[in-house]
Amino acid sequence: MKTEIFKIPELQDKENAFVLARVLQPMKGVSQVSASLAQQRLTVLFDSTIISSAELREAMSGAGFNAAPAPAGGCCGGCCG
């Protein structure tokens, strides 16, 4: 299993989090979807032998969301990204 964190600027309310979960959760290989509204980040646990990060981003894009891999680092993302 792989965990991928995406930065999604449109992730500002529970409705958008629900839409993203509804888009991704039924996809084969996706195990878990969780959102952080404060950080505008979506964490997805998935089987990378079944589905890729690119396919996840494509699905989010198709639903109207601009998803990009979240920057790696030690901070919480609140002030620097």
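Placed above this text is the structure.
Residues numbered from 1 in each chain as written. Predicted model: local features only at pLDDT ≥ 70, side-chain atom pairs only at ≥ 80, totals over all residues. Heavy atoms only, no water.

Chemist: Can you break down the pattern of salt bridges residue by residue, with the values?
Modeler: Counted under the stated rule, the structure contains 1 salt bridge. For Lys 2, the salt bridge goes to Glu 4, with nearest N and O atoms at 3.6 Å. (Salt bridge = Lys/Arg side-chain N within 4 Å of Asp/Glu carboxyl O.)

Chemist: So what about helix α1 (residues 14–24)? Which residues, and what values?
Modeler: For α1, the full list of buried residues reads Asn 16, Ala 17, Leu 20 and Leu 24. The buried residues of α1 all sit within an arc of 100 degrees when viewed along its axis, so they share a single face. Of the residues in α1, the exposed ones pointing more than 90 degrees away from the buried face are Lys 14, Glu 15 and Arg 22. On its buried side, α1 packs onto β2 (30–36), β3 (41–46) and α2 (53–62). (Buried < 20%, exposed > 50% of the residue type's maximum accessible area, 1.4 Å probe, protein only. Helix = DSSP H or I, 4+ residues; strand = E, 2+ residues; numbered from the N terminus. Arc of directions from axis to C-beta. Contact = heavy atoms within 4.5 Å.)

Chemist: So, the sheet that holds β2: which residues are in play, and what are the values?
Modeler: The strand order across the open sheet formed by 4 strands is β2-β3-β1-β4, and the pairing between neighbours is antiparallel. A single partner strand is all that each edge strand has here, and the edge strands are β2 and β4 (68–69). Inspection of the sheet shows strand β1 (residues 2–7) paired to β3 by 6 bridges, in the antiparallel sense. Following the sheet pairing, Phe 6 is matched in β3 by Leu 42. Here α1 sits on the sheet and contacts β2 and β3; the angle it forms with β2, its principal contact strand, is near 170 degrees. Contacts from α2 reach β1, β2, β3 and β4, with the element oriented near 40 degrees to β1. (Pairing = 2+ DSSP bridges. Axes fitted to C-alpha atoms, helices over the stretch in contact; angles between N-to-C directions.)

Chemist: Help me get a handle on the side chain of Gln 40, residues and values and all.
Modeler: Tracing the backbone through its elements, the reader meets Gln 40 in the loop between β2 and β3. Leaving out residues up to four positions away in the same chain, Gln 40 has contacts with Phe 6, Lys 7, Ile 8, Pro 9, Leu 11 and Gln 12.

Chemist: Tell me about the pairing of β2, and name the residues and values.
Modeler: By the bridge criterion, 6 bridges tie β2 to β3 in an arrangement that is antiparallel. In the strand pairing of β3, Ser 34 is matched with Thr 43. What sits between β2 and β3 in their antiparallel hairpin is a turn of 4 residues, with Gln 40 showing a positive phi close to 55 degrees.

Limitation: the analysis is restricted to geometry and does not speak to function.
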